[in-house]
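Structural overview for review
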Amino acid sequence: MPAKDVQNVGDSPGSMTKDDDSGDQMQPLMVDGKASGGSEIPMGNEDKAKAEEAKNTAEFWAQAIKFAFCFCGLQASYLTWGYMQELIMTTVFNPTDSAPDGKFPSAAFCVFSNRFLAIIVAIIAVKLKHGAVLANNTAPLIAFTPCALSNTGSSWSQYASLRYVSFPVQTVFKSSKIIPVMIMGKILKGASYPLTQYIEAFLITLGVAIFSLMSKSSDSDASTELLGLLYMLAYITCDCFTSQWQDKVYTKYGRANVDPYQMMLGVNASAICITTFGLLITGDFPKVFEFMGANPGVLWYNVVTAITSASGQLFIYYTIKEFGPIAFTIIMTTRQMISICISSFVFSHPIGGKAMVGAVIVFGVLFYQIRRKYLARKQMSGGNAAPVAAPKGSPPPGMGKKKNSDLPRLS
């Protein structure tokens, strides 16, 4: 993203000082004293503009590579995680006394196993990078509790909804997260977004929904219950709150002072307490242990899910820190399209023309956003170029009294 430039008054190469003894002004560097009309033309302005443009272009591509890294990491982690999650919650295993239908008895335990491994990874990473687990943390652990609570609620609601919601309804809800995230940002942080960004968010939502619905039909016996809709509403609300609160923590305590490992530690420290308390209250631990005894394969499903969840969390916190919650939500929204494309390739399911219309809408908007940011950087570098010639008799650059409107803006 373009950084805001701050111009320092008096630091430009053309600024001058007065010599009280001679009354002469110091000449700017790189001038041609033989120019026609005696005017002083600063040399190297064109080179300076080109260097500035090259610098901005390099920064843009560096950010693009970093974004691609986040995109690929998130997709790899959560495509695997989503597949394992659905496998755990929808597969019919050997029945037990506490689970006579043969289905995994506790969505909360899936959340617990994810948090358990994640906090171990976070403790090791923070210890290696900062030399201590808590001593060098700028943000207190309590600052992460709200998003830990919402993150736990989001994960639990998503697991629980799989039993009660049909595929089309899941698609509509999961495709519509971008605009709710923007609204949550306005509520939590007072953030404002231009109308064009709302339009782009709507088009991405529409495109993903069209692509998903036209590429895969729901099972004939699948149905949606009211409880499933409530779970999905809870999932959307909690998920939107989580990413915006994490961005608020980065903003409040400084992005340089809170790294992804510290964010991961803070969120999971609170989340593991919440999920453990919930499992003890509901008595799910004995049910899960009994079920895993009868179905040993479930343990490995949970292990794989926990590993991909931990890697995904690292990418989440890094993406939000570098690019913000909106970019992160767009990446996660397009995950459905990637999932369907992989499924179509592996199982030779054709993707129809109607679905391709949705894909064109989504990627058209994304490429438009990329091009707009690139042109904005290019225009910014051009606007910072120094004037080529100084008219005869005009005050030297950097001299003279500045009006308030001419002073550099720091925001």
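In the block above lies the structure referred to throughout.
This text gives an overview of the structure that appears in the document. These numbers were taken from a predicted model, which means no experiment stands behind them.

**A closer look at helix α5 (residues 178-189)**
Three- or four-residue spacings in an α-helix give side chains the same orientation, since the helix completes a turn every 3.6 residues. With twelve residues, α5 extends 16 Å from end C-alpha to end C-alpha; this agrees with the ideal 16 Å at 1.5 Å per step. Where α5 is concerned, the buried positions are Ile 178, Val 181, Met 182, Met 184 and Gly 185. Looking down the long axis of α5, one finds its buried residues gathered within 160° of arc, a one-sided arrangement. Following α5 by one or two positions, Gly 190 adopts a phi angle in the positive range, close to 70°.

**Quick word on empty space enclosed by the protein**
Taken as a whole and judged by the stated rule, the model has two cavities of 30 Å³ or more. Estimated volume of the largest cavity: approximately 390 Å³. As for the largest cavity, its lining consists of 24 residues, and the residues nearest its centre are Tyr 78, Asn 151, Asp 239, Ile 316 and Phe 328. Of all the secondary-structure elements, those providing two or more residues to the lining of the largest cavity are α1 (45-90), α2 (107-130), α3 (145-161), α7 (226-253), α10 (297-323) and α11 (325-347). Taken together, the residues that form the lining of the largest cavity break down as nine nonpolar, eleven polar and four charged. Within this model, the second largest cavity holds a volume of roughly 40 Å³. For the second largest cavity, the full set of lining residues is Lys 174, Lys 177, Tyr 235, Met 332, Arg 335 and Gln 336. The dominant element in the lining of the second largest cavity, judged by the number of residues it contributes, is α11, at three residues. Residue composition of the lining of the second largest cavity, grouped by class: two nonpolar, one polar and three charged.

**Thoughts on the packing of α2 against helix α8 (residues 260-282)**
Relative orientation and spacing of two packed helices are given, respectively, by the angle between their axes and the distance between those axes. Taken N-terminus to C-terminus, the directions of α2 and α8 make an angle of 150°; their axes are 8 Å apart at the nearest point. The way α2 lies across α8 gives a crossing that is left-handed. Taken together, the residues that form the contact of α2 with α8 break down as 19 nonpolar, five polar and two charged.

**A short note on a nonpolar patch on the surface**
On the surface, Leu 195, Ile 199, Phe 202, Leu 203 and Leu 206 cluster together into a nonpolar patch covering about 460 Å² of accessible area. With respect to the secondary-structure elements, Leu 206 resides in helix α6 (residues 195-215). For Leu 206, a relative accessible area of 35% puts it in the partly exposed group.

**Notes on the environment of Pro 140**
Tracing the chain through its elements places Pro 140 in the loop between α2 and α3. With a relative accessible area of 35%, Pro 140 lands in the partly exposed category. Considered as a pair, Pro 140 and Gly 266 are 126 residues apart in the sequence and their alpha carbons are 8.0 Å apart.

**Quick look at the side chain of Thr 152**
Mapped onto the secondary structure, Thr 152 falls in helix α3. With relative accessibility at 9%, the residue Thr 152 sits in the buried group. Leave out the neighbours within four places in its chain, and Thr 152 touches Val 111, Arg 115, Ala 271, Ile 274 and Thr 275.

Definitions and cut-offs
- Residues numbered from 1 in each chain as written.
- Predicted model: local features only at pLDDT ≥ 70, side-chain atom pairs only at ≥ 80, totals over all residues.
- Heavy atoms only, no water.
- Helix = DSSP H or I, 4+ residues; strand = E, 2+ residues; numbered from the N terminus.
- Expected span 1.5 Å × (residues − 1).
- Buried < 20%, exposed > 50% of the residue type's maximum accessible area, 1.4 Å probe, protein only.
- Arc of directions from axis to C-beta.
- 1 Å grid on protein atoms, 1.4 Å probe; cavity = no way out; pocket = protein on both sides within 12 Å on 5 of 7 lines; lining within 4 Å.
- Points joined across faces, edges and corners; volume = space filled by probe spheres on them.
- Nonpolar A, V, L, I, M, F, W, Y, C, P; charged D, E, K, R; others polar.
- Axes fitted to C-alpha atoms, helices over the stretch in contact; angles between N-to-C directions.
- Left-handed = near helix turned anticlockwise from the far one by under 90°.
- Patch = residues over 30% accessible without salt bridge, like charges linked within 9 Å, V, L, I, M, F, W, Y side chains within 5 Å.
- Areas by Shrake-Rupley, 256 points an atom, 1.4 Å probe, with all protein chains shown as cover.
- Salt bridge = Lys/Arg side-chain N within 4 Å of Asp/Glu carboxyl O.
- Contact = heavy atoms within 4.5 Å.

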